[in-house]
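Residue-level structure breakdown
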Amino acid sequence: MLNANLRVCLALASLVLMAAPALADSAHEEARTEYAAPKSAQALTVDGVADEAIWQEAKWQDIANRWLGPEYSAEDFQGRYKVVWTTNKIYLLGEFVDDILIDTHRDPLVQYWDDDCLEIFLDEDFSGGDHQFNHNAFAYHMSLDNQAIDIGTGKVARSYSHHVESRWKQQGGKIIWELAIDIYAADYQDDSDSNTPLSLSAGKILGLMVAYCDNDGSELRENFIGSEAVPSGPKDRGWIDAGLFGALVLVE
Ligand SMILES: [Ca+2]
Ligand SMILES: [Ca+2]
Ligand SMILES: [Ca+2]
Ligand SMILES: [Ca+2]
């Protein structure tokens, strides 16, 4: 039989559990964004032109948390993104203002974060946790030549460009960047050709964070600006810590 104190403790614990928001868990920082992505019946054309009707149904999410570098102006950088999905892929639309586009390191595996670079962090099962040298989550660093680079389990950078179809276009002073991304689970094997992208369905929750490395002519990137707030610790640690990612909810 439970004693009275223990019974009170258990009652309080269950109240706390009931009161907690669904997406607050110990694996993630508090106050993560929650993005509801609408489903597209058809595959989209990845061409940097957002003329598919489904894009009108998705809401914009700002990329406005300054993780590294000094204050910047609206002419220097602005960014926001949308997401839609199909059974086969996640589609991301980025809209950016960047006054100078730069790709100094022509080798895609060298200092890719110090060129202008769109970073898309994806955690297939919203598990949070470390993903530096494993595939618990991916951090696709998209270069201006549309390559996707991340660190593999061999602890060196490698190309995952076969996971991401990417095209961008300038339009009215803005960069419209459209991407289609295959989603892989944590059991992804580098150097294997038998990895299979997951089939997606409504109700699934993934971890997602989007960021931009802005360089306008410096040796190192000038700003690193992301979609999630980083309340404590190193603000640029998304490439290691999936606990910073927001929740991407797939809805019908
Ligand atoms: Ca398109
Ligand atoms: Ca800039
Ligand atoms: Ca994971
Ligand atoms: Ca730039």
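A brief structural summary.

Reading the values: the criteria
Every chain begins its residue count from 1, and numbering advances along the sequence as written. Chain letters and ligand numbers both follow the written order, the letters beginning at A and the numbers at 1. In keeping with the predicted nature of the model, local features appear solely for residues at pLDDT of at least 70, side-chain atom pairs appear and are counted solely at 80 or more, and the whole-chain, interface and lining totals rest on all residues. Side-chain descriptors were evaluated using all non-hydrogen atoms of the structure, hydrogens and water having been removed beforehand. Note on donors: an N, O or S atom is included if it sits within 2.8 Å of the metal, or within 3.2 Å for Na, K and Ca, and water is never included, so sites can look incomplete. In DSSP terms, a helix is any run of H or I states spanning at least four residues, a strand is any run of E spanning at least two, and both are numbered starting from the N terminus. Only protein chains enter the area calculation, which uses a 1.4 Å probe; residues under 20% of their type maximum are buried, those over 50% are exposed, and those in between are partly exposed. When DSSP finds two or more bridges between a pair of strands, those strands are recorded as paired. The definition of a nonpolar core used throughout is a set of buried Ala, Val, Leu, Ile, Met, Phe, Trp, Tyr and Cys residues joined through side-chain atoms within 4.5 Å. Contacts: residue pairs with any heavy atoms within 4.5 Å of one another.

1. Let's talk about the coordination of the calcium ion (ligand 1)
Each protein donor to the calcium ion (ligand 1) is listed here as T45 (O), D47 (OD), V49 (O), E52 (OE), E52 (OE), E178 (OE) and E178 (OE); together their distances run 2.3 to 2.7 Å. On the primary sequence, the residues serving as donors to the calcium ion (ligand 1) are separated as T-x1-D-x1-V-x2-E-x125-E. Of this pair, E52 sits in the loop between β1 (34-37) and β2 (61-62) while E178 sits in strand β11 (residues 174-181), placing them 126 residues apart in sequence. For the pair formed by E52 and E178, the shared burial category is buried.

2. Some details on the coordination of the calcium ion (ligand 2)
At the metal site, the calcium ion (ligand 2) is ligated by D76 (O), D76 (OD), D98 (OD), D99 (OD), D214 (OD), D214 (OD), D216 (OD) and D216 (OD), and these contacts range over 2.3 to 2.9 Å. Of note, the donors binding the calcium ion (ligand 2) are all from one chain and are spaced D-x21-D-D-x114-D-x1-D. If you look at the calcium ion (ligand 2) and the calcium ion (ligand 4), they sit 3.7 Å from each other and are both ligated by D98.

3. Structural notes on the pairing of strand β5 (residues 90-98)
Remember that side chains alternate between the two faces of the sheet whenever the strand is regular. Among the 9 residues of β5, 9 are classified as buried, and the element is accordingly described as predominantly covered. Side chains of β5 alternate between two faces, with I90, L92, G94, F96 and D98 and Y91, L93, E95 and V97 buried alike. In terms of strand pairing, strand β4 (residues 77-85) meets β5 through 9 bridges, oriented antiparallel. Along β5, the bridge assignment pairs V84 with Y91. Linking β4 back to β5 in an antiparallel pair, the connection comprises 4 residues.

4. Some words on the nonpolar core
Note on soluble globular proteins: their nonpolar side chains tend to be buried together. V83, I120, Y140, M142, L179, L208 and L248 are the most contacted members of the largest nonpolar core, which totals 45 residues. When residues of this core are traced back to their parent elements, those giving at least two are β1, β4, β5, β6 (117-123), β7 (138-142), β11, β12 (205-214) and β14 (246-250). At 6 residues, the largest contribution of residues to this core is made by β11. The contacts of L179, once residues within four sequence positions are left out, are V46, I90, Y91, L92, L118, I120, M142, V164, E165 and S166. With 13 residues, the next largest nonpolar core counts F121, A137, A139 and M209 among its residues.

5. Topic: the sheet that holds β5
If you walk across this open sheet you meet the 5 strands as β2-β4-β5-β11-β10, and the pairing is antiparallel. Edge positions in the open sheet fall to β2 and β10 (164-171), since each of these has one partner strand only. Bridge analysis of β5 against β11 gives 7 bridges, and the strand direction is antiparallel. Residue pairing across strands places F96 opposite I175, the latter belonging to β11.

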